[in-house]
Amino acid sequence: MSLLTTLLRLEAAETEHAQNASTIRHFHLAERPLVILPLNRSGTEAAPLAVMYGDDPAQPRLLVAPPRGRPTGFLDDLADGILTYIHSFQHTTERLPARGSKPARHRYTHAPQLLVANRKSISYIERLGRALRFTEPSEGADPARSVGRLGQWLTFFAEHAEYPGSAFLLALTDLLTTHWVTGQSPLEDEHLAALLAWIDPPPGTTGLHAALAAEDPQLRRPAGPATDPSFDTFELDPLLTAYDTAAEEGNTAAMTRHTDRLRDLLHTYLHPTWDDAWQALALLRTLPQTPDAHRRWDADRDRFTAYSTYLADDGRPQPIKDDAVSAARRLARLEQAAGAFEARRALEDDFVMAERRTSGEALAGTVIDTDPHRTVTGPTGRAQRKPRFTLHTTDPIRLDIGNLLAGPHNPRVHMAIRSITARAGGSDLLLEVTTLTTKPDSVPAVGDDLCLTLAPEFFRQPPFPSRDNIPWTHGGPQHDHPATILEAAEEPQP
């Protein structure tokens, strides 16, 4: 938690109202997202009790697993519903022209987006996908609409939820806490109803009092995937026990009656969270979306198109675990994406930039000297313009010589740190402009105030050898391994 977030949390606790932080939205919200609210059986890792889902707030669809036996029909219905939603985005494409050495290609014009109530639901989606993706389709069934294919898609969404900036699978509590800071702990912010009460309390009450009321399990059940213990003890378990007794006695009428009661009970449990999810989505849509969010959603559409093609051409599920090479490549992609995403957020959002200044990852200062016409001899012997200027700052800095910086005044202009000199009351940074544009602010003038942070382009993946040059002891060469093909689908497109 940053210093600014801590201060806002203290102010929210004192005023009993949530405080605005970021006023722009860094994640794309699809026109037709699919809200999924899973509930799991107590004591079992990935045994669904019920799922409420849908893309229309007025028409939630509730699936309830049978009280006894294998949930085959439940999973078939779940696969049919979610895969129908995914397949609805695989009909319309756009043609992208060739760029450089990359040939022309087609990309789906839209992509699916899953929204869940909280971060634990993302973990549950990952566990459910892992449990289902190796399920063999029944004889004569279409593999593209099977439970196993649902597991593959859930794994795909869950893996990309770890990828900074991806909008395939998002937790509503994470999105809300990016823009509003409450007076409760981050753990309490995972309770969607309480979080919304802080942000948008009913008229005549404070966020604190509204949140206390929302935490009453008799009024608002936790959003899942774990059920409320008191609900289990006093309502769910007696009903399941009554069903078991009726099943042992062969009382079909009683079994049907208890099944209907179970469905009504779980609908009553989940529907308030369903309403909360769409209220949260409406609040988030009031915030303007950043240009970089559009760019990252285009990258998500590239990945959706590539994975759809992979499933049509190959179709094997993701490996149980990554081999050494795949794990290293994935970790490098995540690290590069995390650094670049935070840098781009800072360039677009004053609040994020201020947070980075408190941690030394950004700085503000005044230009005290410039050499705008400095030239050096390049590798080909031709003169190259490399302007330099000196920036004085009183901010604490945690930057190194060679770091590449950029500022919101012109993010396309990059400046490399050539030296850092401590001076009374601050530091002097000698910066060299490495990219010039036609705009006059490519080289600042003496007296200009600048705010700079690490440039997104500073974060690059390290070079990896090809699998041909990797010994078999470390995972290569394995050209036909699913991981190899899936990695190619993750490569960024131009």
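Parameters at a glance
- Residues numbered from 1 in each chain as written.
- Predicted model: local features only at pLDDT ≥ 70, side-chain atom pairs only at ≥ 80, totals over all residues.
- Heavy atoms only, no water.
- Phe/Tyr/Trp six-rings, centres within 6.5 Å; stacked < 30°, edge-to-face > 60°.
- Helix = DSSP H or I, 4+ residues; strand = E, 2+ residues; numbered from the N terminus.
- Buried < 20%, exposed > 50% of the residue type's maximum accessible area, 1.4 Å probe, protein only.
- Lys NZ or Arg CZ within 6 Å of the ring centre and 35° of its normal.
- Core = buried A, V, L, I, M, F, W, Y, C linked by side-chain atoms within 4.5 Å.
- Contact = heavy atoms within 4.5 Å.
- Axes fitted to C-alpha atoms, helices over the stretch in contact; angles between N-to-C directions.
- Parallel < 35°, antiparallel > 145°, perpendicular 65-115°, else oblique.
- Nonpolar A, V, L, I, M, F, W, Y, C, P; charged D, E, K, R; others polar.

Caption draft 1: The packing of aromatic side chains, seen in detail. In this structure the tally under the stated criterion is 16 aromatic pairs. Ring geometry for tyrosine 108 versus phenylalanine 304: centroids 5.4 Å apart, planes at 50°, classification tilted. In this pair, tyrosine 108 is assigned in strand S6 (residues 105-108) and phenylalanine 304 in helix H10 (residues 291-313), connecting sequence segments 196 residues apart. Summarising the burial analysis for this pair, tyrosine 108 and phenylalanine 304 share the class buried. Ring geometry for tryptophan 153 versus phenylalanine 156: centroids 5.3 Å apart, planes at 85°, classification edge-to-face. In this pair, tryptophan 153 and phenylalanine 156 both sit in helix H4 (residues 147-161), three residues apart, roughly one turn of the helix. Residue class for phenylalanine 156 comes out buried when judged on its relative accessible area of 2%. The aromatic ring of phenylalanine 27 is capped on one face by arginine 296, whose charged end is 5.7 Å from the ring centroid.

Caption draft 2: Summary view of the nonpolar core. Membership of the largest hydrophobic core comes to 87 residues, with the highest contact counts inside it found for Trp153 and Leu176. It is helix H9 (residues 252-285) that contributes the most residues to this core, 12 residues altogether. The contacts of tryptophan 153, once residues within four sequence positions are left out, are Leu83, Ile86, Gln90, Phe304, Tyr307, Ser308 and Leu311. Leu405, Ile417, Val443 and Leu452 belong to the second-largest nonpolar core, a separate cluster that totals 16 residues.

Caption draft 3: A look at the packing of H10 against helix H11 (residues 324-348). At a minimum axis separation of 10 Å, H10 and H11 run at an interaxial angle of 150°. On the basis of their axis angle, the class for H10 and H11 is roughly antiparallel. Taking contact as the criterion, the partners of Pro291, Asp292, Arg295 and Arg296 in H10 are, on H11, Phe341, Arg344 and Glu348. Residues belonging to the contact of H10 with H11 are distributed by class as follows: two nonpolar, no polar and five charged.

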